[in-house]
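Architecture and fold: a report
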Amino acid sequence: ETGVTQTPRHLVMGMTNKKSLKCEQHLGHNAMYWYKQSAKKPLELMFVYSLEERVENNSVPSRFSPECPNSSHLFLHLHTLQPEDSALYLCASSPDLGGEHQPQHFGDGTRLSIL
Amino acid sequence: AQKITQTQPGMFVQEKEAVTLDCTYDTSDPSYGLFWYKQPSSGEMIFLIYQGSYDQQNATEGRYSLNFQKARKSANLVISASQLGDSAMYFCAMRAGIQGAQKLVFGQGTRLTINP
């Protein structure tokens, strides 16, 4: 079983739909992250959570709404998305925020396509 | 601001040869960590190797080693005896910052193709 699990792996939705991406980590980590990976662009950090509190929101449009009910779970609620939101969405976790020596452990990602 | 630059969009290497993937970085923080990740076509980002800014020796993990040249601000990944399964995207990344949430900043990536 992988340390960070994301569901679904693939999602196709219309611009008026509402859906949610789920991330679960089994590593006992306290920090969780959402990244967006678009074609030919570096990974973009979207949100950072530490001990269930949001510590960073990287100027992400309000049509993306994160939720962290506990330190093991992270959700990304989607509504009224645009075609340019089609991308691979990656979840990651790390033991905590502090420590430049700590790698982040990633899930397999959710490949999102907006029709 | 932190920045990672990977100048090789694509690399083609024969199986069993060694390959070096370039990475340069820019930061004003004295303490930072450098990471390499592998991303196969399945999408998962797999952590490969880490180098700390104060580490005296170059990091090694199996067939992976990191050629860390601090004065040049470079952290090249060396893969020895390449295998077909090494074909993937490779990302160099950096964490820096003393206070607050420490971001992981990624480069554009290099697509490595191993030919049989």
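Notes on the structure follow. (Residues numbered from 1 in each chain as written. Chains lettered and ligands numbered in written order. Predicted model: local features only at pLDDT ≥ 70, side-chain atom pairs only at ≥ 80, totals over all residues. Heavy atoms only, no water.)

1. A few points about the overall build of chain B
Within chain B one finds zero helices and 12 strands. Listing every helix and strand of chain B by position from the N terminus yields β-β-β-β-β-β-β-β-β-β-β-β. Here chain B has a C-alpha radius of gyration of 14 Å; the compact-globule value for 116 residues is 13 Å, and the two agree. Seen along its three principal axes, the alpha-carbon backbone of chain B occupies a region of about 45 × 30 × 20 Å. Of all 116 residues assigned to chain B, the portion counted as buried reaches 48%. Counted over contacts in chain B with a minimum sequence separation of 6, partners at least 24 positions apart contribute 55%. (Helix = DSSP H or I, 4+ residues; strand = E, 2+ residues; numbered from the N terminus. Rg over C-alpha atoms; globule rule 2.2 N^0.38 Å. Buried < 20%, exposed > 50% of the residue type's maximum accessible area, 1.4 Å probe, protein only. Contact = heavy atoms within 4.5 Å.)

2. Thoughts on the interface of chain A and chain B
With 29 residues of chain A at the interface, the matching set in chain B holds 22 residues. A buried area of about 1,900 Å², summed over both sides, lies between chain A and chain B, and 50% of it is on carbon and sulfur atoms. Per-residue buried area on chain A facing chain B is highest for A:Pro42, A:Glu100 and A:Phe106; these three make up 29% of the total on that side. Counting across the interface, chain A meets chain B through zero salt bridges. (Buried area = accessible area lost by both parts, 1.4 Å probe. Salt bridge = Lys/Arg side-chain N within 4 Å of Asp/Glu carboxyl O.)

3. A word on the pattern of salt bridges
Pairing between side chains becomes possible if they bear opposite charge and their charged atoms approach one another. The full count for this structure, using the stated rule, is five salt bridges over all chains. We note a salt bridge from A:Lys41 to A:Glu44, for which the minimum N-O separation is 3.6 Å. Between B:Asp26 and B:Lys73 there is a salt bridge whose closest N-O contact spans 3.4 Å. Of this pair, B:Asp26 sits in strand β4 (residues 24-26) while B:Lys73 sits in the loop between β8 (64-69) and β9 (74-79), and the two are 47 residues apart along the sequence.

4. Focus on the environment of B:Ser87
All names here are of chain B. Of note, Ser87 is situated in the loop between β9 and β10 (88-96). Note: C-alpha distance between Ser87 and Lys38 (49 residues apart in sequence) is 9.1 Å. For Ser87, the residues in contact, after removing those within four places along its chain, are Leu112, Thr113 and Ile114.

5. Focus: the state of the cysteines
Residues and elements named next belong to chain B. Scanning all chains against the criterion turns up two disulfides over all chains. Residue pairing for Cys23: its cysteine sulfur links by disulfide to Cys92, the two sulfurs lying 2.0 Å apart. An S-S torsion of about -60° defines the bridge between Cys23 and Cys92 as left-handed. Of this pair, Cys23 sits in the loop between β3 (19-21) and β4 while Cys92 sits in strand β10, and the two are 69 residues apart along the sequence. The class of Cys92 is buried, set by a relative accessible area of 0%. (Disulfide = S-S within 2.5 Å.)

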